[in-house]
Amino acid sequence: MNSDVVQDAVPPQRGGAGGSAGGPQTAHDAGDAGYSKDLKPRHINMIAIGGAIGTGLFLGAGGRLASAGPGLALAYAVCGLFAFFVVKALGEMVLHRPSSGSFVSYSREFLGEKGAYVAGWMYFLNWSTTGIADITAIALYTHYWSMFTDIPQWVLALIALAVVLAINMISVKIFGELEFWFAIVKVAALVVFMIIGIVLLATQHEVGGQTPGIGTITDHGGILPNGLMPVVIVMQGVVFAYSCVELVGVTAGETAEPEKVVPKAVNAIMWRVGFFYVGSVVLLALLLPWGEYTEGQSPFVTVLSKVGMPMAGDVMNLVVLTAAMSSLNSGLYSTGRILRSMAMSGSAPKFTGLMNRSQVPYGGILLTSAVCVIGVGLNYVVPGKAFEIVLNIASLGIISTWCTIMLCHLVFVRRAKQGLVERPKFQLPWSPVTEIVTIVFLLSVVVLMWNDPDVGRKTVMLVPVIAAALVVGWFAVRGRVREVAAEKGTQL
């Protein structure tokens, strides 16, 4: 086998013994070999924060407020709770055995190679389409400034992709530093905005000619001005907003002390969700009537522009541009690691297992970037709809990923009860009820997408197409997977 792809030096397993659903398996993941441990605790903590603050809030919240009204806060709260359950389950498995392959590696251990194959390619679908959403968002944000208005949206999208790709290929340490400062910028900006918003509320300063306060909700249809269904329909977009929280599991494979860092990062996600997401949406609803927000413009920029602070709007637009760049950077990072884990088992192309001298899995990163180039074309053909189209497709990928994590955790807990593995002290509460309820909720979101005839229904129609592609793909790679398993002395 190609020595560039598979390396013999594999770190020992941390935690209990594993095994695939179909037979015994080695306790480690060959895809974990060769990585540096250059991510520091501050990197992991801020990546966890940054993962909970992205384009889903900075850009997507505007259009969702316009359709669902103040009830959007309820959607963020509910989805945020289930996102916390997912990352808590993932965090427990990380402490069982840290892996850069993250949930794909755990799928291989607890669900077998087929489970890892499905989990990996659905995650690739999620992040490759999310990457398209991110470069679209970057182009939209850039068009906010008049000097860039005449530049085609697809050109700006291509430039953004090229810049972030170059950054991601340097080293994991550079990635960690950039994500650290990206997160600092995002958090600081949200805190400043919330302070400004609270001052506007307390002083009853007019926003866009209207006095902020509870009246902006009660005088415009209440919490659910269009009923409950619009809130339900936007759920898939809200799930997408949290789609980066699982990045904590991937980064754990490149930090020296995951057992100390991961629990703190995971536990902090809950209050971040409440403070930044729910708090921001409630504040936005109190500052302006929900009908004032529009799709395609950050709701924060909308508010600041309407209070006679145009420069503040420029600053916030720069911040949300940073958020989109951060999300794209994270997507390339995570898919590179996931695809390398899959390449080690034969379920992804060999070249996605290649690493450069800086210990960066550049093959997988280039494959994700290639799909993002398709997004550049989408921005050329349908610039007005590119963001929403790929957002819904990405939601299918993240829902699949989260369901896989919970399924893995169910098997993990079952094996712990059988004495085959040992659960760490850091545990998901109320298992197996928590996993089952979370999976039911996530699947119900897919079903409810059918009620959105414009985009959601078309997205659901893609499910059988994606399933068929996965089946065909499995038969294409099955022989290679068996060869790798035979070399390792394992069974499928």
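Here's what I pulled together on the structure shown here.

Remarks on the pattern of salt bridges
Under the defined criterion, the tally for this structure stands at eight salt bridges. Here arginine 423 makes a salt bridge to glutamate 92, at a shortest N to O gap of 2.5 Å. Of this pair, arginine 423 sits in the loop between α17 (386–417) and α18 (433–448) while glutamate 92 sits in helix α4 (residues 72–96), placing them 331 residues apart in sequence. Its salt-bridge partner being glutamate 483, residue arginine 480 comes within 3.3 Å of it at the nearest N-O pair. With arginine 480 and glutamate 483 both in helix α19 (residues 456–488), this residue pair falls three residues apart, about one helical turn.

Side note on the nonpolar core
Ranked by size, the top nonpolar core spans 147 residues in total, and within it Phe58, Tyr76, Phe193, Tyr242, Met316, Trp402 and Ile405 carry the most contacts. Discounting residues that sit within four places of it in the chain, isoleucine 405 has contacts with Val86, Ala89, Leu90, Met93, Phe103 and Glu246. Formed by five residues, the second largest nonpolar core is a distinct cluster that contains Ile132, Ala133, Phe240 and Val390.

Description of the packing of aromatic side chains
For the structure shown, the criterion picks out 16 aromatic pairs. Ring centres 6.2 Å apart and planes at 85 degrees place the aromatic pair tyrosine 76 and tyrosine 242 in the edge-to-face group. Taken together, the positions of tyrosine 76 in helix α4 and tyrosine 242 in the loop between α11 (235–241) and α12 (247–251) put the pair 166 residues apart, joining distant regions of the chain. For tyrosine 76, a relative accessible area of 0% corresponds to the buried category. The exposure class assigned to tyrosine 242 is buried, which follows from its relative accessible area of 0%. With a centroid separation of 4.7 Å and an interplanar angle of 90 degrees, the aromatic rings of phenylalanine 193 and phenylalanine 300 are classed as edge-to-face. Of this pair, phenylalanine 193 sits in helix α8 (residues 172–203) while phenylalanine 300 sits in helix α14 (residues 299–306); the two residues are 107 residues apart in sequence, bridging distant segments of the chain. For the pair shown, phenylalanine 193 and phenylalanine 300 are each scored as buried.

What counts, and where the lines are drawn
Residues numbered from 1 in each chain as written. Predicted model: local features only at pLDDT ≥ 70, side-chain atom pairs only at ≥ 80, totals over all residues. Heavy atoms only, no water. Salt bridge = Lys/Arg side-chain N within 4 Å of Asp/Glu carboxyl O. Helix = DSSP H or I, 4+ residues; strand = E, 2+ residues; numbered from the N terminus. Core = buried A, V, L, I, M, F, W, Y, C linked by side-chain atoms within 4.5 Å. Buried < 20%, exposed > 50% of the residue type's maximum accessible area, 1.4 Å probe, protein only. Contact = heavy atoms within 4.5 Å. Phe/Tyr/Trp six-rings, centres within 6.5 Å; stacked < 30°, edge-to-face > 60°.

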